[in-house]
Amino acid sequence: MYVTSAVMNKKGLAILMRTKMRPLSPTFASSKSKLNQMQTSQLEGDKVSSQDASLLPEREFSQVRESMHSAMSTNKTEIVDVALDEFSEGYFFLSPENRYKMLLSLAKEYDLNRTQVRELMKQHLDLQLPSDKAEDSGHEEEGSLSAFYRIERNLRQALKPMYEVLFERLNTHPGGLKFLSDIRADILCLLGDVNIASLRALDSHLKEKLITWLSPANLELHNITWDDPASLLEKIVAYEAVHPISNLIDLKRRLGIGRRCFGYFHPAIPGEPLIFIEVALMKDVAATIQEVLWDNPPISEHEASCAIFYSISSTQPGLSGINLGKFLIKRVVDVVKKDMPNICVFATLSPIPGYRQWMLSKLASSEMTGSAFKEILLRPDEEKALMDASGGSDLGSSGIEVMWNVLTSKNHEWTNSPNLVSALRTPMMRLCARYLMKEKKRGKALDSVANFHLQNGAMIGRLNWMADRSQKGLTQSAGIMVNYIYRLDNIEDSAQAYQNEGHIESSSDFRSYIEDDNGEKAD
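This structure is a prediction, so every number in the text was calculated from the model and none was measured.

Here we come to the pairing of strand β2 (residues 259-265). Extensive coverage of β2 is indicated by the burial of six of its seven residues. Across four bridges, the pairing between strand β1 (residues 220-223) and β2 is antiparallel. Following the sheet pairing, L221 is matched in β2 by Y264. Examined bridge by bridge, β2 and strand β3 (residues 275-282) share six bridges and lie antiparallel to one another. Looking at the pairing, G263 lines up with F276 of β3.

All right, on to the side chain of R356 then. Turning to its location among the elements, R356 is positioned in helix α15 (residues 355-368). Look at R356: it is buried, it has no salt bridge, and the nearest opposite charge is E413 at 9.7 Å. Each residue touching R356, except ones within four places of it in the same chain, is listed here: L407, T408, L474, T475, Q476 and S477.

What follows concerns the side chain of N483. With respect to the helices and strands, the residue N483 is situated in strand β9 (residues 481-486). Judged by relative accessible area, N483 falls into the buried class, the value being 1%. Ignoring sequence-local partners within four residues, the contact set of N483 consists of V285, A286, T348, L349, M459, I460, G461, R462 and N464.

By the element assignment, D284 lies in the loop between β3 and α13 (289-293). On the basis of relative accessibility, which here comes to 56%, the residue D284 falls in the exposed class. Separated by 21 residues in sequence, D284 and S305 place their C-alpha atoms 6.9 Å apart. Once residues lying within four places of it in the same chain are set aside, the contact partners of D284 are C306 and I308.

Moving on, we come to the nonpolar core. Core analysis: the largest hydrophobic core is formed by 109 residues, its most contacted members being F87, Y355, M359, W414, M428, L436 and L463. Ranked by the residues each element gives to this core, the list is headed by helix α18 (residues 418-438), at 12 residues. One finds A280, V292, A347 and M459 within the second-largest nonpolar core, a separate group that totals 15 residues.

Turning next to the packing of helix α9 (residues 176-191) against helix α10 (residues 197-213). Axis separation between α9 and α10 bottoms out at 10 Å; the angle between their running directions is 145°. The two elements α9 and α10 meet at a crossing, and its hand is left-handed. Residues L177, L180, I183, R184, I187, L188, L190 and L191 of α9 lie in contact with α10, whose contacting residues are L199, R200, L202, D203, L206, K207, L210 and W213. The class makeup of the residues in the contact of α9 with α10 is 12 nonpolar, no polar and four charged.

A few words now on the packing of aromatic side chains. Scanning the model with the defined rule gives 12 aromatic pairs in all. Look at F87 and Y91: their rings are 6.1 Å apart centre to centre, the planes differ by 65°, and that puts the pair in the edge-to-face class. Of the two residues, F87 and Y91 are both situated in helix α4 (residues 77-91); the distance of four residues between them amounts to about one turn of the helix. With respect to burial, F87 and Y91 carry one shared label: buried. Look at Y91 and F92: their rings are 5.9 Å apart centre to centre, the planes differ by 80°, and that puts the pair in the edge-to-face class. Looking at F92, the relative accessible area reads 11%, which means it is buried.

Together, E78, D81, D85 and E86 make up a region of like negative charge exposed at the surface. Take D85: it is sitting in helix α4. Residue class for D85 comes out partly exposed when judged on its relative accessible area of 42%.

Under the 1.5 Å per step criterion, the end-to-end length of α4 is 21 Å for 15 residues, consistent within 8% with the ideal 21 Å. Where α4 is buried, its residues touch α3 (61-73), α5 (96-109), α8 (163-171) and α9.

Right, let's talk about the sheet that holds β3 for a bit. Taken in spatial order, the seven strands of this open sheet run β1-β2-β3-β4-β5-β9-β8, and their pairing is mixed. Here the strands that pair on one side only, and so sit at the sheet edges, are β1 and β8 (459-464). Taken pair by pair, the neighbouring strands of this sheet meet at an average axis angle of 30°, ignoring direction. Here four bridges tie strand β4 (residues 306-314) to strand β5 (residues 345-348), and the two strands are oriented parallel to one another. Paired with F309 across the two strands is T348, which belongs to β5. The strands that α18 touches are β8 and β9; relative to β8, the one it contacts most, it runs at about 160°.

Parameters at a glance
Residues numbered from 1 in each chain as written. Predicted model: local features only at pLDDT ≥ 70, side-chain atom pairs only at ≥ 80, totals over all residues. Heavy atoms only, no water. Buried < 20%, exposed > 50% of the residue type's maximum accessible area, 1.4 Å probe, protein only. Helix = DSSP H or I, 4+ residues; strand = E, 2+ residues; numbered from the N terminus. Pairing = 2+ DSSP bridges. Lys, Arg positive; Asp, Glu negative; His and termini not counted. Salt bridge = Lys/Arg side-chain N within 4 Å of Asp/Glu carboxyl O. Contact = heavy atoms within 4.5 Å. Core = buried A, V, L, I, M, F, W, Y, C linked by side-chain atoms within 4.5 Å. Axes fitted to C-alpha atoms, helices over the stretch in contact; angles between N-to-C directions. Left-handed = near helix turned anticlockwise from the far one by under 90°. Nonpolar A, V, L, I, M, F, W, Y, C, P; charged D, E, K, R; others polar. Phe/Tyr/Trp six-rings, centres within 6.5 Å; stacked < 30°, edge-to-face > 60°. Patch = residues over 30% accessible without salt bridge, like charges linked within 9 Å, V, L, I, M, F, W, Y side chains within 5 Å. Areas by Shrake-Rupley, 256 points an atom, 1.4 Å probe, with all protein chains shown as cover. Charge placed at Lys NZ, Arg CZ, Asp CG, Glu CD. Expected span 1.5 Å × (residues − 1).

Spelled out as structure tokens, the structure:
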């Protein structure tokens with residue numbers, strides 16, 4: 001592929017060279033991977049606090065554990081700083097097995113002192129409750145109240161696990177906040193394989209701390225443009241999780257006229273967004289991702305009336321479950337409204353990542369279930385249309401079989417058949433509406449992207465057929481995408497109704513699919 005000299009400038013070359021490969025997740029990266037990263041950093045002129053990284057063996061577990069202990073138990077600032085440096089550096093040289101041992105040691109051996117907690121609770125229960133007017137009464141009542149305050153203060157302190165000291169000291173240490181995020185990424189990885197109560201408690205405690213430290217008040221919103229440093233732009237390329245950036249022309253288009261990219265940054269992690277969102281300024285709500293990504297040339301921005309959020313990506317696996325996206329969207333809406341008063345509609349063009357897998361499970365279940373309890377997935381007219389479209393081929397002897405074979409076909413060959421594409425549209429759109437509206441987990445939408453936008457106060461707008469024909473889009477949802485609409489005067493009410501009651505707001509266009517879908521059982 002040839003690229004014009006205007007695009008392939010010094011910055012473009014830098015981005016291209018730095019993004020040949022997506023950076024490895026810090027989650028249990030091997031010692032060799034970390035070593036390679038340190039060698040790369042040296043080549044780029046970054047400071048490495050140790051001696052030549054290429055000569056460093058894996059750190060001894062006991063050494064790293066000792067530095068971790070010192071970082072918590074010592075109060076001398078100069079010793080704490082050295083211990084934090086040694087711990088954060090040495091941790092990355094541990095093998096996955098030793099990291100597991102380290103985290104388990106942290107969770108179990110540096111938990112709160114339950115013997116002390118129980119003793120303080122006993123002392124508290126043994127005290128006689130003071131009267132409501134104790135502070136205005138005699139010295140005896142005042143002494144009793146003071147005892148309560150003293151024990152309660154000690155109890156609050158005893159209920160703090162020792163590893164909280166480590167977290168708080170790392171948070172104020174250079175590079176410590178990023179390191180805490182990496183540690184939590186490892187904890188989450190472990191919890192995916194084991195179910196250990198102390199490890200869950202460790203994760204919960206660290207998550208609460210990160211939520212506090214990463215509050216919107218501590219974050220900075222930045223409009224990312226082509227004029228930003230190449231080191232930042234290569235991170236946008238590397239971390240784009242929804243619609244991969246294919247080349248420099250694609251990147252420049254997403255940062256150019258008619259497009260915006262906003263990121264949330266924290267001062268303790270300079271030059272790296274924690275999360276970023278890509279926005280397309282358009283005349284109408286987009287129905288396909290192709291028109292968003294390949295709208296060339298774009299419309300004049302003064303003609304735009306819609307801001308379409310088409311991609312939101314988190315860069316830190318360790319911040320999973322911390323909803324920075326909610327605050328980012330609201331901030332971006334405020335900024336766009338202020339800068340462009342002509343924008344009156346805020347919507348998304350979103351993937352439906354769980355739909356195709358859910359559909360396949362329904363089809364498999366329908367084939368195995370006895371007729372008395374069999375769920376009706378296809379109507380007679382849909383069944384006939386699918387059978388006619390299959391043209392008597394070996395796709396199956398029933399509409400259910402045809403759908404199964406089509407959706408599991410290699411390389412999605414069915415998209416090359418206009419007849420199959422047409423026959424699948426009605427049942428797939430109707431069942432997709434059922435999936436988004438009615439399939440729930442703990443009272444919330446089963447689909448992760450749907451749950452994200454609904455809890456942020458959006459409503460389900462329009463389903464879009466063949467909106468994403470990429471391999472990823474067809475694999476996730478047979479190419480269907482959905483618009484979520486952010487109605488500015490109703491965001492908080494919608495979010496509250498969803499959180500409290502699981503109520504899902506939707507458009508009349510979307511509800512028409514639900515009204516047509518009875519989800520009946522066979523007689």
